[in-house]
Amino acid sequence: MEQLAPSGRRALVVMAHPDDIEFSCGGTVARWCDEGWEVTFLLATSGDKGSKDPEMTPERLAAIREEEQRAAAAVLGVRHVEFLRCPDGYVEDTVQMRERVVRAIRRFRPDVVVTWDGFRRSFNHRDHRTIGVVTVDAVFPLSRSGLYFPEHLAEGLEPHRTNEVLLAGSDQPDYLVDVSRYVERKIEAALRHESQVLRDRSRDEWLAAARGRAGFVPRGGAPAVEAFRRLRFGRQPA
């Protein structure tokens, strides 16, 4: 079982949709918050397509899901949530998108960035893999050199070196975080996304389905873990 990097006190979690964080790394985030980390969420979309209701509109759904994400973040201990408001399903690997993530890295100056594993070999949601690749590119090399997006310097945003990235949803994880003490918080945060998790089932049915799911309920006395693929860049602290 890996230990969390002791030098990290700021984390930026960059994901595609509201509820991605709670399911993939909610326990890790809750643990970090309890240990005094400053954690920021950056969501590429507002999940404006995630409904089967024929009367729902993208605008109304986006507002609902943003509010649910803020409520879930509060359960985990996160105070700051931002949305890039790309249309759900249309996250693209463009210069403009990379600039927006680099800007966030230079603003929040994280020690660790968490994102989806956009390099996994098995099936991956398009928005997930795209934001994962964009974010890794933003960490290395783009945010590190002032020659990339030099207009940031005029705004007072200096280059920033983040030397550690944790990729969630990886099919080649090599970094496990024990979240046994944070399972209840993770579940409560996930349940704040009522438009998604309680859409077709009751709370009790959802909890029953969650049992045995990785990172939710431990099985056979084993710890509940969240698994990541860990990328490290540059010189590491002693």
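Residues numbered from 1 in each chain as written. Predicted model: local features only at pLDDT ≥ 70, side-chain atom pairs only at ≥ 80, totals over all residues. Heavy atoms only, no water.

A.B. asks: I'd love a proper account of the sheet that holds strand β2 (residues 38-45), names of residues and values included.
C.D. replies: Pairing is mixed across the open sheet formed by seven strands, whose spatial order is β3-β2-β1-β4-β5-β7-β6. Only two strands of the sheet have a single partner each, and these edge strands are β3 (80-86) and β6 (175-178). The sheet shows a mean angle of 25° between the axes of neighbouring strands, taken without regard to direction. Relative to β3, β2 is paired through five bridges, and the arrangement is parallel. In the sheet register, Thr-40 faces β3, and the bridge partner there is His-80. (Pairing = 2+ DSSP bridges. Helix = DSSP H or I, 4+ residues; strand = E, 2+ residues; numbered from the N terminus. Axes fitted to C-alpha atoms, helices over the stretch in contact; angles between N-to-C directions.)

A.B. asks: Just give me the short version of the pairing of β3, but keep the residues and values in it.
C.D. replies: For β3, a buried count of five out of seven residues is recorded, marking the element as mostly surrounded by other parts of the structure. Traced from β2 through helix α2 (residues 58-76) to β3, the parallel crossover comes out right-handed. (Buried < 20%, exposed > 50% of the residue type's maximum accessible area, 1.4 Å probe, protein only. Right-handed = clockwise from strand over helix to strand, strands pointing away.)

A.B. asks: Residue-level account of the packing of helix α1 (residues 20-34) against α2, with values.
C.D. replies: Between α1 and α2, whose axes approach to 8 Å, the crossing angle comes to 40°. With respect to α2, the element α1 is oriented oblique. Contact residues: Glu-22, Gly-26, Val-29, Ala-30 and Cys-33 in α1; Gln-69, Ala-72, Ala-73 and Leu-76 in α2. (Parallel < 35°, antiparallel > 145°, perpendicular 65-115°, else oblique. Contact = heavy atoms within 4.5 Å.)

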